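Results of the structural survey
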Amino acid sequence: MEQILDTLLQQDLGEKPYRRIAGDVGLGLLILCDHAENTLPEAYGTLGLRPEDLHRHIAYDLGAAGVAERLADMLGAPALLTKFSRLLIDPNRGLDDPTLVMQISDGLVVPGNVGIDANEIASRIARHYEPYHRAIDRAVETGLAAGKPPIMLAIHSFTQAWKGVPRPWHVSVLWDKDPRLAVPLLSGLQAIPEIEVGDNVPYSGQLKGDTLHRHATARGLAQALVEVRQDLILSPEGQEEWAERLAEVLRRVLAAEAALHAIELHGSNTDRARERTEAHG
């Protein structure tokens, strides 16, 4: 697998599996959208799924790209968005995560992923996963060179119900141990009338090896992940509305929180989990 990765990384990979929105590095903010598209390379067809399955949450975060694009434009911030479906490979998972390539997603078998071997996983890593993560690394290095360590904000969306149970939150902030961005972001969103704000729901922001863990937590950069309920951002109008809300909150947070751009190693709650596992042999 390592040999295949090394070979592929030396090849011309052609069209990039991500897109970049230019912005002011001096702002000290990098916007990410890990699950921006449901696109699959032509050679993979639909991975054996029905075309309509590619328009579900299992394939990408509906509405998230539109919010990320508009937010980047409103703030003048740089952004990176993926150009491949998470069904191909999930860039928001560590390389050792068993859900890196899903063979079953939300109860649905993904035929094109069933029985996938190490060589094929290595190919997807080299052609899709790693180029995106290297782009994030370059963006971070650019910010550091400019003297403004970037805050990272990842934009995602979640379904309005799970197994028939409605999810009441309009928006949620996911975070790990570093409170510098998450806490003022939560406060700002909670101040918006008639908005139900979640804190580390419906998912946890404590995931070892995910995008923010790899690029922000490990480097001491302030970060948070924002989840917007997908039914609220399916339309361009909804995406604009939520981008405006987030932009307004972020402007206040960026103006008030000087410590956001300091490099501080807060660690991760996943570190304690690993320590407990090691302690029990």
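The rules we used
- Residues numbered from 1 in each chain as written.
- Predicted model: local features only at pLDDT ≥ 70, side-chain atom pairs only at ≥ 80, totals over all residues.
- Heavy atoms only, no water.
- Helix = DSSP H or I, 4+ residues; strand = E, 2+ residues; numbered from the N terminus.
- Expected span 1.5 Å × (residues − 1).
- Buried < 20%, exposed > 50% of the residue type's maximum accessible area, 1.4 Å probe, protein only.
- Contact = heavy atoms within 4.5 Å.
- Bend = angle between axes of the 7 residues up to and from the residue.
- Polar contact = N/O pair within 3.5 Å; in protein donor to acceptor, adjacent residues only side chain to side chain.
- Patch = residues over 30% accessible without salt bridge, like charges linked within 9 Å, V, L, I, M, F, W, Y side chains within 5 Å.
- Areas by Shrake-Rupley, 256 points an atom, 1.4 Å probe, with all protein chains shown as cover.
- Salt bridge = Lys/Arg side-chain N within 4 Å of Asp/Glu carboxyl O.
- pLDDT = per-residue confidence, 0-100.
- Core = buried A, V, L, I, M, F, W, Y, C linked by side-chain atoms within 4.5 Å.

Glancing now at helix 6 (residues 236-256). Given a rise of 1.5 Å per residue, 21 residues ought to cover 30 Å, and the 30 Å separating the end C-alpha atoms of helix 6 matches this to within 8%. Along helix 6, the positions that sit buried rather than exposed are Gly238, Gln239, Trp242, Ala243, Leu246, Ala247, Val249, Leu250 and Val253. Looking at the buried side of helix 6, the elements it contacts are helix 2 (64-75), strand 6 (151-158), strand 9 (171-174), helix 4 (182-190) and strand 11 (223-229).

Each full turn of the α-helix corresponds to 3.6 residues, which orients residues three or four apart in the same direction. In the structure, helix 3 (residues 118-145) departs most strongly from a straight axis at Ile125, where the bend amounts to approximately 45 degrees. Its side-chain oxygen at 3.3 Å from the backbone nitrogen of Asn119, Asp117 defines the N-terminal cap of helix 3.

Okay, a nonpolar patch on the surface next. A contiguous nonpolar surface patch, about 250 Å² in accessible area, is contributed by Ile104, Val109 and Val114. Mapped onto the fold, Val114 is located in the loop between strand 5 (108-109) and helix 3. Overall, the relative accessible area of 46% leaves Val114 in the partly exposed class.

Per-residue pLDDT for the protein chain averages 92, and the proportion of residues at 70 or more is 91%. Scored below 50 in pLDDT, residues 1-13 shows 21 contacts in the model against residues more than four places distant or in partner chains. Below pLDDT 50 for its whole length, residues 274-281 participates in one contact with residues either more than four positions away or in separate chains.

Another aspect to go through is the side chain of His57. Positionally, His57 belongs in the loop between strand 2 (29-33) and helix 2. Look at His57 and you get buried, because its relative accessible area is 18%.

With that settled, the discussion passes to the pattern of salt bridges. Throughout the structure, instances matching the rule amount to 19 salt bridges. Residue Glu69 pairs with Arg19 through a salt bridge whose shortest N-O separation is 2.3 Å. Placement of Glu69 in helix 2 and of Arg19 in strand 1 (residues 18-21) is noted, with a sequence separation of 50 residues between them. Arg219 serves as the salt-bridge partner of Glu141, at 2.4 Å between the closest nitrogen and oxygen. You can see Glu141 sitting in helix 3 and its partner Arg219 sitting in the loop between helix 5 (211-215) and strand 11, a full 78 residues away along the chain. Each of the salt bridges in this network shares a partner with another, and the network as a whole consists of Arg50, Glu52, Asp53, Arg56 and Asp106.

Let's shift gears to the side chain of Arg229. By secondary structure assignment, the location of Arg229 is in strand 11. Polar contacts involving the side chain of Arg229 include one to the main-chain carbonyl oxygen of Arg167, which spans 3.4 Å. Reaching out from Arg229, the side chain makes a polar contact with the backbone oxygen of Trp169 at a distance of 3.4 Å. In contact with Arg229, not counting residues within four places along its chain, are Phe158, Thr159, Gln160, Arg167, Pro168, Trp169 and His170.

This paragraph deals with the nonpolar core. Formed by 41 residues in total, the largest nonpolar core has its most connected members in Ile31, Leu71, Leu153, Ile155, Leu181, Leu185 and Leu189. Contributing elements (two or more residues each) for this core: strand 2, helix 2, strand 3 (79-82), strand 6, strand 9, helix 4, strand 11 and helix 6. Setting aside residues no more than four positions away along its own chain, Leu71 makes contact with Ile31, Leu153, Ile155, Ala243, Leu246, Ala247 and Leu250. Counting residues in hydrophobic clusters, the runner-up holds 18 residues, among them Leu54, Leu87, Leu88 and Ile89.

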